[in-house]
Amino acid sequence: MKKAFRPAFAATIPVLCGYLFIGFAFGVMLRDAGFAPPWAFFASLTIYAGSGQYLLVSLLAAKASLFTVAVMTLLLNCRHIFYGLSFLETFHQMGRRKWYMIFSLTDETYSLLCSLQTPAGIDPAAMRFWIALLDHSYWIAGSVIGAVIGGVLPFNSTGIDFAMTALFTVIFVEQWKSTKCHIPAFLGLGAAALSLLLLGPDNFILPAMLAICVMLAALRSRFSGEVAK
Amino acid sequence: MTFTRTLAMIAVAAICTFATRLAPFLLFNGKKPIPPIIRYLGETLPPAVIALLVVYCVKNVSWSAAPHGLPELLCIAVTALLHVWKRNNLLSIGVGTVLYMFLVQTVFL
């Protein structure tokens, strides 16, 4: 378990940069909405979803009903349902840690786990667990720091959240190199771009996700042999 | 707003978020074999979803107004090409991010 910490930490550094910043931004937003720092800690500890918590700030500020909170959160996080599909067997093999792995399967942890290469002599389950735990702690730290120190920063951090975009780009390249069949990648890019164009930034994720699933399912017989790992 | 109300709203958000993450594991609990179509989706979805997430990251870029998403597209291209070339995660992400910060802070104001 201990040996897996170092490689896990190295793998999570991009998420560290990204989470500290977007967590920080969440903390600042929550503070501006009039909520004390312990709320940032509590929300990041229990919810642990970037876009979901940004949404929560606006719901809190608007004193939305609990029903609205439930519906909006479910809709926004629907994509998580598809993430679990890639780890059904992997997580089931992890004993009790499985529950924490499921809880902490964010976009970023998902993408790191998708591209995970365990060094020789390291227990893959331990490394996965460390990655999940470290990412969660970065997120909590970022949001609490943001809620405590607010908008005062010693340097101009504008644009640092691009670390997240860069991380996804790198993983995209990794996946591109690891498979010969690039149809899923093109499909994802095309469906997302088209959906964004048609539906705008607030509503495009779920239709794009559904379109991707339907198209992949339709193409299954055509290239299920090619993508088999 | 009352303490209890805030607590309840955060709890509801937490429960609903966890529910979306838990759903696939409850549907396919490891005791019975996973249907081939689900296994297939589990294998082919990641590249498509990662592509979707890259698009998600640039969703709030205004393409019609200057600089037309140029810093974003440029830095994504630099990150990708650097990664194809050197295949070093930290290098690709570090250079891409620093370049982006430089561009949005000094060039494309």
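Calculation notes
Residues numbered from 1 in each chain as written. Chains lettered and ligands numbered in written order. Predicted model: local features only at pLDDT ≥ 70, side-chain atom pairs only at ≥ 80, totals over all residues. Heavy atoms only, no water. Salt bridge = Lys/Arg side-chain N within 4 Å of Asp/Glu carboxyl O. Helix = DSSP H or I, 4+ residues; strand = E, 2+ residues; numbered from the N terminus. Buried < 20%, exposed > 50% of the residue type's maximum accessible area, 1.4 Å probe, protein only. Contact = heavy atoms within 4.5 Å. Buried area = accessible area lost by both parts, 1.4 Å probe. Polar contact = N/O pair within 3.5 Å; in protein donor to acceptor, adjacent residues only side chain to side chain.

Asker: Could you clarify how one ought to interpret the pattern of salt bridges in this entry?
Answerer: This model, assessed by the stated rule, comprises one salt bridge over all chains. One salt bridge in this structure joins arginine 87 of chain B and glutamate 174 of chain A, with 3.1 Å as the shortest N-O distance. Taken together, the residues span two chains, with arginine 87 of chain B in the loop between helix H3 (70–86) and helix H4 (89–107) and glutamate 174 of chain A in helix H10 (residues 162–178). The partly exposed category is assigned to arginine 87 of chain B, whose relative accessible area is 41%.

Asker: How should the interface of chain B and chain A be read in this particular structure?
Answerer: By convention, interface size is frequently given as the accessible area that disappears when the constituent parts associate. Contacts between the two partners involve 66 residues from chain B, matched on the other side by 88 residues from chain A. Summed over both partners, the interface of chain B with chain A comes to about 7,200 Å²; 78% of that surface belongs to carbon and sulfur atoms. In this assembly, chain B and chain A are joined by one salt bridge. Remark: the boundary between chain B and chain A carries ten residue pairs in polar contact (both at pLDDT 80 or more).

Asker: Looking at this model, I keep getting lost on the side chain of glutamate 108 of chain A. Mind explaining?
Answerer: Assignment of secondary structure puts glutamate 108 of chain A in helix H8 (residues 107–114). Leave out the neighbours within four places in its chain, and glutamate 108 of chain A touches Val15, Tyr19, Met164, Leu167 and Phe168 of chain A.

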